[in-house]
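# Residue-level structure breakdown
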Amino acid sequence: MMMDADVSNLLYQEQENLIVRRGELEEQFVTNTKPLDAPVIKVRGTGKAGGFGKSTSGSGSKASSKAEGKAHAKILKKEGVLRIDNVLTSDTADAVRDYLYNLRYQSEEEVREGKIQPTQRFANVLLRQNRCDLTIPLGDEIISKALEESICKSPVGATISSIFGDEAILHELSCIMSDPGSQRQVLHPDTPFIDGKGPVLYTCFIALQDVTLEMGPTTWLPQTHNKEAHEAFKDTLEIAGGGDSPKDSLIKSQPAVLGLLPKGSCGIFDSRTLHCGCANQSKDGTSRALFYFSFKNPTVGYPGNPASIRQELGNARVSLGALMDDLKMFGKGKGSPLIDHLGSQMR
């Protein structure tokens, strides 16, 4: 007689197989693709795409940083996805990657030994074979450095603040790792479109290595964070006579962009934008790691999707403004009392 766990595993595997087959079909539908490029933002005192090596990297004025964030936000609100380069320095990206893979291996061992529950270290992820979503603690210097660079020294923080304000809530802090052999996900939004409501979350995926086509970049369908696209996406009924469903027609006709991101660059996207992670078919065994965080509209309660974040950090409801103030103190060598306090709460 089958145990409940065996039945559950069989049902899960059957569901995964259906998702894999659907993902492979959608891959054939998505033919109009191009790389996600960083826009040229013309703001006095800044350069293309901001970030390190540009005048916004620590030396730009508060006014120019705000103006650049506003310019990026305008594109992000229209397209639903935006690339910003040089969000992390190469050395920081390498150090974060090493830190997170060590944390992953340690966490997997602790789960196997029964010391912790999987949910204490890993969030749920679509198609979890050869793919994981590792939640990240605060308190270690390399994570503080990465957050300082990406949120304070690059235009990322100013872009999110331009839309949500400094009261935006840190909703997620995690890392998606896609190993060779991971399958292509199906296209999906992270949160639903709700008529009459604005954006719910903005998520920032930062590449911890150059992302090549073989490594399975994220695919986004720009301008699908709206009512019309979501209504079509939910309509799976085929047209009489064998025509495509509105969902399939949308996927076939909508231009797509690929997150072929250089190390240290990021893709920021509206959580309602349709996207998916592609299959990692890397021949050299390279795993794709995306360090990411998201901020939530402070006027929204539950956004419609569980957060990938340590429970203690999620419960703290840290605002963007408070986090930026603490990170700026950290960058000046004056400590980080908020991050230190939050780190002390991590289990």
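Reading guide: rules and limits
Residues numbered from 1 in each chain as written. Predicted model: local features only at pLDDT ≥ 70, side-chain atom pairs only at ≥ 80, totals over all residues. Heavy atoms only, no water. Pairing = 2+ DSSP bridges. Helix = DSSP H or I, 4+ residues; strand = E, 2+ residues; numbered from the N terminus. Contact = heavy atoms within 4.5 Å. Axes fitted to C-alpha atoms, helices over the stretch in contact; angles between N-to-C directions. Buried < 20%, exposed > 50% of the residue type's maximum accessible area, 1.4 Å probe, protein only. Parallel < 35°, antiparallel > 145°, perpendicular 65-115°, else oblique. Left-handed = near helix turned anticlockwise from the far one by under 90°. Nonpolar A, V, L, I, M, F, W, Y, C, P; charged D, E, K, R; others polar. Core = buried A, V, L, I, M, F, W, Y, C linked by side-chain atoms within 4.5 Å. Expected span 1.5 Å × (residues − 1). Salt bridge = Lys/Arg side-chain N within 4 Å of Asp/Glu carboxyl O. Phe/Tyr/Trp six-rings, centres within 6.5 Å; stacked < 30°, edge-to-face > 60°. Disulfide = S-S within 2.5 Å.

## Some thoughts on the sheet that holds strand β6 (residues 201-207)
Sheet architecture is open: seven strands sit in the order β2-β9-β6-β11-β5-β4-β3, paired in antiparallel fashion. The open sheet has two edge strands, β2 (81-84) and β3 (122-123), and neither has a second partner. Sheet topology note: the β6/strand β9 (residues 266-270) ladder contains five bridges and is antiparallel. Each bridged residue has a counterpart across the sheet, and for F205 the counterpart in β9 is G267. Sitting on the sheet, helix α3 (residues 90-112) touches β3, β4 (131-135), β5 (169-178), β6 and β11 (288-296), and the angle it makes with β4 is about 100°.

## A word on the pairing of β6
Both faces of the sheet carry side chains from a regular strand, because those side chains alternate between them. With seven of seven residues buried, β6 lies mostly within the body of the structure. In β6, alternate side chains face the same way, and those of L201, T203, F205 and A207 on one face and Y202, C204 and I206 on the other are all buried. The pairing of β6 with β11 spans seven bridges and is antiparallel. Paired with T203 across the strands is S294, a residue of β11.

## Notes on the packing of helix α6 (residues 227-234) against helix α7 (residues 246-253)
Relative orientation of the contacting elements α6 and α7 amounts to 125°, with a least axis distance of 6 Å. Judged by the inter-axis angle, α6 sits oblique to α7. Crossing geometry of α6 relative to α7 is assigned as left-handed. In this structure, α6 contributes A229, A232 and F233 to the contact, and α7 contributes P246, K247, L250 and I251. A per-class count over the contact of α6 with α7 returns six nonpolar, no polar and one charged.

## As for the nonpolar core
Residues L100, I151, F291 and F293 are the most contacted members of the largest nonpolar core, which totals 50 residues. Residues in contact with I151, not counting those within four places in the same chain, are G157, A158, F293, F295, L320, L323, M324 and L327.

## What to know about the environment of V81
When you line up the elements, V81 lands in strand β2. In the structure, V81 is positioned 176 residues away from V257 in sequence and 9.1 Å away in space, judged by C-alpha atoms. Here V81 is in contact with L36, L76, W220, P222, V257, I268 and F269, once residues within four sequence places are set aside.

## Overview of α3
Along its 23 residues, α3 runs 33 Å from first to last C-alpha, staying within 8% of the 33 Å computed at 1.5 Å per residue. Residues T92, A93, V96, R97, Y99, L100, Y101, L103, R104, S107 and E110 constitute the buried set of α3. Packed against the buried residues of α3 are β3, β4, α4 (141-153), β5, β6 and β11. At the C-terminal side of α3, G114 shows a positive phi close to 75°.

## Observations concerning the sheet that holds strand β1 (residues 33-35)
Backbone hydrogen bonds are what pair the strands of a sheet, in a parallel or an antiparallel way. Read from one edge to the other, the open sheet built from four strands follows the order β1-β8-β7-β10, with strand pairing classed as mixed. Each having just a single partner strand, β1 and β10 (275-277) make up the two edges of the open sheet. Averaged over all pairs of adjacent strands, the angle between strand axes in this sheet comes to 25°, irrespective of strand direction. Of the strand pairs in this sheet, strand β7 (residues 218-220) and strand β8 (residues 256-258) are connected by two bridges, and their pairing is antiparallel. Within β8, the position partnered with W220 by the bridge is V257.

## Observations concerning the pattern of salt bridges
What the rule picks out here adds up to 13 salt bridges. Here E26 ties to R22 by a salt bridge, and the two come within 2.9 Å at their closest N and O atoms. You can see E26 and its partner R22 sitting in helix α1 (residues 4-29), four residues apart, about one turn around the helix. A residue is classified by how much of its surface remains accessible, and E26, at 0% relative accessible area, is buried. The residue E113 makes a salt bridge to K115 at a minimum N-O spacing of 3.1 Å.

## Here's the deal with the side chain of S178
On the secondary structure map, S178 appears in strand β5. Judged by its relative accessible area of 0%, S178 is buried. Once you skip the residues sitting within four places of it in the chain, S178 turns out to touch N130, R131, C278, N280, S287 and R288.

## Quick look at the packing of aromatic side chains
Within a pair of aromatic rings, the relevant descriptors are the distance that separates the centres and the angle that separates the planes. Per the stated rule, a full pass over the model turns up eight aromatic pairs. Taken together, a centroid distance of 5.1 Å and an interplanar angle of 70° make the contact between F205 and F269 edge-to-face. With F205 in strand β6 and F269 in strand β9, this residue pair connects regions lying 64 residues apart in the sequence. By the burial criterion, F205 is buried, and F269 matches it. Considering the side-chain rings of F293 and F295, the 6.0 Å spacing of their centres and the 75° angle between planes classify their relative orientation as edge-to-face.

## What about the state of the cysteines?
In this structure the tally under the stated criterion is zero disulfides. Here C276 is not disulfide-linked; the sulfur of C278 is the nearest cysteine sulfur, at 4.6 Å. Accessibility expressed as a relative area gives 0% for C276, which makes it buried. Under the relative-accessibility criterion, C278 is labelled buried at 12%.

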